[in-house]
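Each chain, letter by letter, is given below.
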Amino acid sequence: MTIFGFVFAHLGGPTHGLVDGVLHPLVGPDHLLAMLAVGIVAAATTSRPGSSFARADPWAAPAAFLTGMAVGGALGLGGWSVPAVDLAIVVSVIALGVAVAGAIGNPAIWVPVLVLAGVAHGNAHGVEAPAAANPVLYVVGFLAATVALHVCGVVGGVTLRTRPLLRVTVGTCIATTGMLLVV
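Residues numbered from 1 in each chain as written. Predicted model: local features only at pLDDT ≥ 70, side-chain atom pairs only at ≥ 80, totals over all residues. Heavy atoms only, no water.

*Asks:* I tried to follow the overall build of the chain on my own but got confused; where do I start?
*Replies:* Each helix and strand counted, the chain has seven helices and two strands in total. For the chain, the α and β elements follow one another from N to C terminus as β-β-α-α-α-α-α-α-α. Out of the 183 residues in the chain, the part that is buried amounts to 43%. Surface summary for the chain: the accessible area is close to 8,200 Å², and the carbon and sulfur share equals 76%. (Helix = DSSP H or I, 4+ residues; strand = E, 2+ residues; numbered from the N terminus. Buried < 20%, exposed > 50% of the residue type's maximum accessible area, 1.4 Å probe, protein only. Areas by Shrake-Rupley, 256 points an atom, 1.4 Å probe, with all protein chains shown as cover.)

Okay, here's the thing in structure tokens:
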């Protein structure tokens, strides 16, 4: 994510393992918003009162994202960087904001988007992991933080599904922030 000429969660330099892995998704607004939005999308597409998707798997959205993240992280650990990964991350924040705002539609449409978003986010993490003193702890840290943020998003999403105006507002704020991150 680029703001004022640098990338917040991707400043480079050595990381030290578990703590840095946990902090990575928390200190970059791009990662933070995307992880929360995935949880909101999960809540919005499952067990929503009156939803035709009420029987959708509640873990589909986070599992899709985490699967993509694992693939992207493995690619990054293997030395392959997704081209324009920061732009891909910002685009994922915008897309997830749109999903939260109400254009969620069928979860089957969003699963591939979540996988691709996860690949971008995971690749950014994986590219940095080799510099860590303990790459395994770094990976455990960022995965744990990601799951925790997904859970927070689900909790918020349960509230948002019954408050459409608030859901649209939150989604619009996420998408708008994503657009501002491009600047």
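*Asks:* When you look at the environment of glycine 21 in this model, what are you seeing that I'm missing?
*Replies:* On the secondary structure map, glycine 21 appears in helix α1 (residues 18–27). On the basis of relative accessible area, glycine 21 is assigned to the buried category, the value being 0%. As a C-alpha pair, glycine 21 and phenylalanine 142 span 121 residues in sequence and 4.3 Å in three-dimensional space. Leave out the neighbours within four places in its chain, and glycine 21 touches Tyr138, Gly141 and Phe142. (Contact = heavy atoms within 4.5 Å.)

*Asks:* How should I be thinking about the environment of glycine 39 in this particular structure?
*Replies:* By the secondary structure assignment, glycine 39 is in helix α2 (residues 29–44). Judged by its relative accessible area of 0%, glycine 39 falls in the buried class. A sequence separation of 116 residues divides glycine 39 from valine 155, and the C-alpha atoms of the two residues are 7.7 Å apart. Setting aside anything within four residues of it in sequence, one finds glycine 39 in contact with His150, Gly153 and Val154.

*Asks:* Explain the side chain of serine 92 to me, please; I cannot follow it from the model alone.
*Replies:* Considering the arrangement of structural elements, one finds serine 92 in helix α4 (residues 85–103). Judged by its relative accessible area of 7%, serine 92 falls in the buried class. For serine 92, the contacting residues outside a window of four places in its chain are Ala117 and His121.

*Asks:* What is the right way to look at the packing of aromatic side chains in this model?
*Replies:* A full pass over the atoms with the stated rule returns one aromatic pair. Residues tyrosine 138 and phenylalanine 142 carry aromatic rings whose centres are separated by 5.7 Å and whose planes lie at 70° to one another, so their mutual orientation is edge-to-face. Note that tyrosine 138 and phenylalanine 142 are positioned in helix α6 (residues 135–160) at a spacing of four residues, about one turn of the helix. This pair shows no difference in class: tyrosine 138 is buried, exactly as phenylalanine 142 is. (Phe/Tyr/Trp six-rings, centres within 6.5 Å; stacked < 30°, edge-to-face > 60°.)

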